[in-house]
Amino acid sequence: QVQLVESGGGLAQPGGSLRLSCAASGSILRINDMGWYRQAPEKQRELVASFIRDGSRKYADSVKGRFTISRDNVKRTVYLQMNDLKPEDTAVYYCNAAIVRPWGDERGYWGQGTQVTVSS
């Protein structure tokens, strides 16, 4: 069993900051990709930022220069530092990971989601 547990969402004012965390636990041999998606009301889920399996980072154009993804491999945790938040960043943020389990198969997993609201 694999779990992704997110924390750190909440309410921020425009121009403010929030930091999200996502910790993976369970039967994990290797984490190939791990990052963040978001879904605003009546919109499709979109990639925000992610570590790709080659070690590189990928960002949505809308968050470049404002959001930073980082990770702690020992803790199997990724972080999303969100600065200069805008009302259009309001969404439910989901952690996503492509995980190889001990018996060799890779599966995708989602966290439960954490609400981020940017409003004055």
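Bear in mind that the values here come from a model prediction, so they are computed numbers and not experimental data. (Residues numbered from 1 in each chain as written. Predicted model: local features only at pLDDT ≥ 70, side-chain atom pairs only at ≥ 80, totals over all residues. Heavy atoms only, no water.)

## Points about the nonpolar core
Okay, so step 1: Counting residues in hydrophobic clusters, the biggest one holds 30 residues, and the most contacted among them are Leu4, Trp36, Leu80, Met82 and Tyr93.
Okay, so step 2: Here the element with the most residues in this core is strand E9 (residues 91–100); it accounts for five residues.
Okay, so step 3: Once residues lying within four places of it in the same chain are set aside, the contact partners of Leu4 are Cys22, Ala23, Ala24, Met34, Cys95, Asn96, Ala97, Ile99, Tyr109, Trp110, Gly111 and Gln112. (Core = buried A, V, L, I, M, F, W, Y, C linked by side-chain atoms within 4.5 Å. Buried < 20%, exposed > 50% of the residue type's maximum accessible area, 1.4 Å probe, protein only. Helix = DSSP H or I, 4+ residues; strand = E, 2+ residues; numbered from the N terminus. Contact = heavy atoms within 4.5 Å.)

## Topic: the environment of Tyr93
Okay, so step 1: Along the chain, the position of Tyr93 falls in strand E9.
Okay, so step 2: For Tyr93, a relative accessible area of 0% corresponds to the buried category.
Okay, so step 3: Taking the C-alpha atoms as reference, Tyr93 lies 6.6 Å from Gln39; in sequence the two are 54 residues apart.
Okay, so step 4: A polar contact is formed between the side chain of Tyr93 and the backbone oxygen of Asp89, at a distance of 2.7 Å. (Polar contact = N/O pair within 3.5 Å; in protein donor to acceptor, adjacent residues only side chain to side chain.)

## Things to note about the packing of aromatic side chains
Okay, so step 1: Scanning all chains against the criterion turns up two aromatic pairs.
Okay, so step 2: Aromatic pair Tyr37 and Trp110: ring centres 5.2 Å apart, planes at 70°, arrangement edge-to-face. Separated by 73 residues along the polypeptide, Tyr37 in strand E4 (residues 30–39) and Trp110 in strand E10 (residues 106–110) bring together distant segments of the chain.
Okay, so step 3: Relative to Trp110, the ring of Tyr94 lies with its centre 6.4 Å away and its plane at 90°, an arrangement referred to as edge-to-face. Of the two residues, Tyr94 sits in strand E9 while Trp110 sits in strand E10, which places them 16 residues apart along the sequence.
Okay, so step 4: By relative accessible area, Tyr94 is classed as buried at 15%.
Okay, so step 5: Note on Trp110: relative accessible area 41%, which makes it partly exposed.
Okay, so step 6: Members of the aromatic cluster, connected to one another through ring pairs, are Tyr37, Tyr94 and Trp110.
Okay, so step 7: Geometry around Phe51 places Arg71 over its ring, the cationic atom sitting 4.2 Å from the centre. (Phe/Tyr/Trp six-rings, centres within 6.5 Å; stacked < 30°, edge-to-face > 60°. Lys NZ or Arg CZ within 6 Å of the ring centre and 35° of its normal.)

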